[in-house]
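Chain and residue survey
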Amino acid sequence: MDYTQLLRRSVTSALAGAAFLTSTAAFAGEVTIWCWDPNFNVAIMKDAAALYTAKHPETTFNIVDFAKTDVEQKLQTGLASGMTDSLPDIVLIEDYGAQKYLQSFPGSFAALTDKIDYSGFAKYKVDVMTLEGETYGVPFDSGVTGLYYRKDYLEQAGYKASDMENLTWDRFIEIGKDVKAKTGHEMMALDANDGGLVRIMMQSGGQWYFNEDGSLNITGNAALKAALETQARIVNEGVAKPTSGWNDGINALTSGDIASVLMGVWITGTVKSQADQAGKWALTAIPKLNIEGATAASNLGGSSWYVLEASAEKDEAIDFLNEIYAKDLDFYQKILTERGAVGSLLAARTGEAYKKPDDFFGGQTVWQNFADWLVQVPPVNYGIFTNELDTAVTANFPALVKGAPIDDVLKAIEDQAAGQIQ
């Protein structure tokens, strides 16, 4: 080997070594993550971090537990002020608020379109984080909905499990009136100041408060119209126990006051929290609206992870989310078993944890049911003003209950919303 060849080999080796050191250094930082709920999101993120550091010991994580409102306020303040040094590398954002952040603060979140295989996730979750052809964030937990019901109460009223399959809302109300008459238990709890049930029904009909272009979709929204009319019937026909606030509704559930609860999958742990009710509960799909294209699947809640564009550890944060949340099927089995978290990575649905019968629900494979419904949830445009529309809906709903024409109520909702979102 002559001197020139020796020099060339030495330079090549040095460059390769430098590249290796650079690569290692790029993945040797501390990834800061903001999220809420120590028993769910925070605990699951700690599990994910432990899995990643087992393979990448040079990476450390700082997982900060804030209240949800604090996460939102701090994120909003940091983005609005441009003080990105105060922001984390990864932040949890509720799906209903995703478009508000993406549209209000363009360029603030890392586009992951070419970094993540989004074809592996439930479409409705991906649509939530997509704007102008770019997709941001990594889908996390689903809020896929189900109807949990007390078998013992239904049996006392003369109904079998088969009677609770393929329900329409008309049939649900009919059964609810019968259950109340024969057992004294209302079919469900309802806080008229909460827009959750209307949102569930509306999305099951494939529509939302907004059109695809972001314009208001109120007076011509068949799913919203049917949802409001149905909820008014539930109130007026005595099917629901009136509640006020989250804790009051949960107490109605756990105390045994009501015969069913229609909620996102994340309520499963609360349903199972009363050991003396084991074997008394069952699960079925939600009722369908009586409109064209209505489904028996919907969503309530759910959040996803977003990487800040200005993050000093952006590449490392993306690699972490991609390796664990976009690929690790065993991770999803773990968080389902230990935390009751149904993720939105479709391949995870084939795992053994999803197929396991649940004795609390009389041996039903409840997780498999939710996994099956997950792919049926209609994708909709949550827009950037869901909370404002909820306010308009709940403010005008009492007029409908008192007999105001539905078209007048829809017009009032639209007028109020238009004033709020200008």
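Above: the structure in question.
1. With respect to the sheet that holds strand β12 (residues 303-307)
Strands sit in the order β2-β1-β3-β12-β6 across an open sheet of five strands; the sheet is mixed. On the outer flanks of this sheet lie β2 (60-65) and β6 (138-139), each paired with one strand and no other. Pairing of β6 with β12 involves two bridges; the strand directions are antiparallel. Counted as the bridge partner of Val138 is Trp305 from β12. Helix α2 (residues 41-55) contacts β1 (30-35), β2, β3 (90-94) and β12 of the sheet and is inclined by roughly 180° relative to β2. Relative to the sheet, helix α3 (residues 68-81) contacts β1 and β3, its axis offset from that of β3 by approximately 115°.

2. Focus on the pairing of β3
Across the five residues that make up β3, a large majority, four, are buried. Relative to β3, β1 runs parallel, the two sharing two bridges. For Ile33, the partnering residue across the bridge sits in β3 and is Ile90. Pairing analysis gives five bridges linking β3 to β12, with the strands arranged antiparallel. For Ile93, the partnering residue across the bridge sits in β12 and is Ser304.

3. So, the sheet that holds strand β7 (residues 145-150)
The strand order β10-β7-β11 describes an open sheet built from three strands, whose pairing is antiparallel. Among the strands making up the open sheet, the edge pair consists of β10 (260-264) and β11 (281-284). Each neighbouring strand pair of the sheet contributes to a mean axis angle of 25°, computed without reference to strand direction. One ladder, built from five bridges, connects β7 with β10; its direction is antiparallel. Across the sheet, residue Gly146 finds its bridge partner in β10, namely Met263.

4. Here's the deal with the side chain of Asn322
Relative to the assigned elements, Asn322 resides in helix α12 (residues 314-324). Note on Asn322: relative accessible area 14%, which makes it buried. Once residues lying within four places of it in the same chain are set aside, the contact partners of Asn322 are Lys115, Ile116 and Lys327.

5. Points about unusual backbone geometry
For Asp37, which is not glycine, the phi dihedral falls at a positive 70°. For Asp37, a relative accessible area of 33% translates into the label partly exposed. Residue Asn166 is not a glycine yet carries a positive backbone phi of 50°. For Asn166, the location among the structural elements is in the loop between α6 (151-156) and α7 (169-183). With a relative accessible area of 78%, Asn166 lands in the exposed category.

6. Looking at helix α9 (residues 222-236)
Under the 1.5 Å per step criterion, the end-to-end length of α9 is 21 Å for 15 residues, consistent within 8% with the ideal 21 Å. Among the residues making up α9, those that are buried are Ala223, Leu224, Ala226, Ala227, Leu228, Thr230, Gln231, Ala232 and Ile234. The elements touched by buried residues of α9 are α7, β8 (188-190), α8 (196-204), β9 (240-242), α16 (386-401) and α17 (406-420). Measuring from the side-chain oxygen of the N-cap residue of α9 to the backbone nitrogen of Ala223 gives 3.1 Å; that N-cap residue is Asn221. Just downstream of α9, Gly238 is the residue with a positive phi angle, here 70°.

7. A word on the packing of α9 against α16
Each packed pair of helices is defined by two parameters, the angle between the axes and the distance between the axes. It is at 10 Å that the axes of α9 and α16 come closest, and there the two elements cross at 60°. By the angle class used here, α9 and α16 are oblique. With respect to the hand of their crossing, α9 and α16 are arranged in right-handed fashion. Each of Leu228, Glu229, Gln231, Ala232, Val235 and Asn236 in α9 lies in contact with α16, whose residues at this interface are Val393, Phe397, Leu400 and Val401. Across the contact of α9 with α16, the residue classes tally to seven nonpolar, two polar and one charged.

8. Considering the packing of aromatic side chains
With the rule as written, the count across this model stands at 26 aromatic pairs. A ring pair is formed by Tyr52 and Phe61, whose centres lie 6.0 Å apart and whose planes are at 85°; its orientation type is edge-to-face. Each of the two residues, Tyr52 as well as Phe61, counts as buried. With 5.0 Å between their ring centres and 75° between their planes, Trp169 and Phe172 make a pair best called edge-to-face.

Scoring rules and cut-offs
- Residues numbered from 1 in each chain as written.
- Predicted model: local features only at pLDDT ≥ 70, side-chain atom pairs only at ≥ 80, totals over all residues.
- Heavy atoms only, no water.
- Pairing = 2+ DSSP bridges.
- Helix = DSSP H or I, 4+ residues; strand = E, 2+ residues; numbered from the N terminus.
- Contact = heavy atoms within 4.5 Å.
- Axes fitted to C-alpha atoms, helices over the stretch in contact; angles between N-to-C directions.
- Buried < 20%, exposed > 50% of the residue type's maximum accessible area, 1.4 Å probe, protein only.
- Expected span 1.5 Å × (residues − 1).
- Polar contact = N/O pair within 3.5 Å; in protein donor to acceptor, adjacent residues only side chain to side chain.
- Parallel < 35°, antiparallel > 145°, perpendicular 65-115°, else oblique.
- Left-handed = near helix turned anticlockwise from the far one by under 90°.
- Nonpolar A, V, L, I, M, F, W, Y, C, P; charged D, E, K, R; others polar.
- Phe/Tyr/Trp six-rings, centres within 6.5 Å; stacked < 30°, edge-to-face > 60°.

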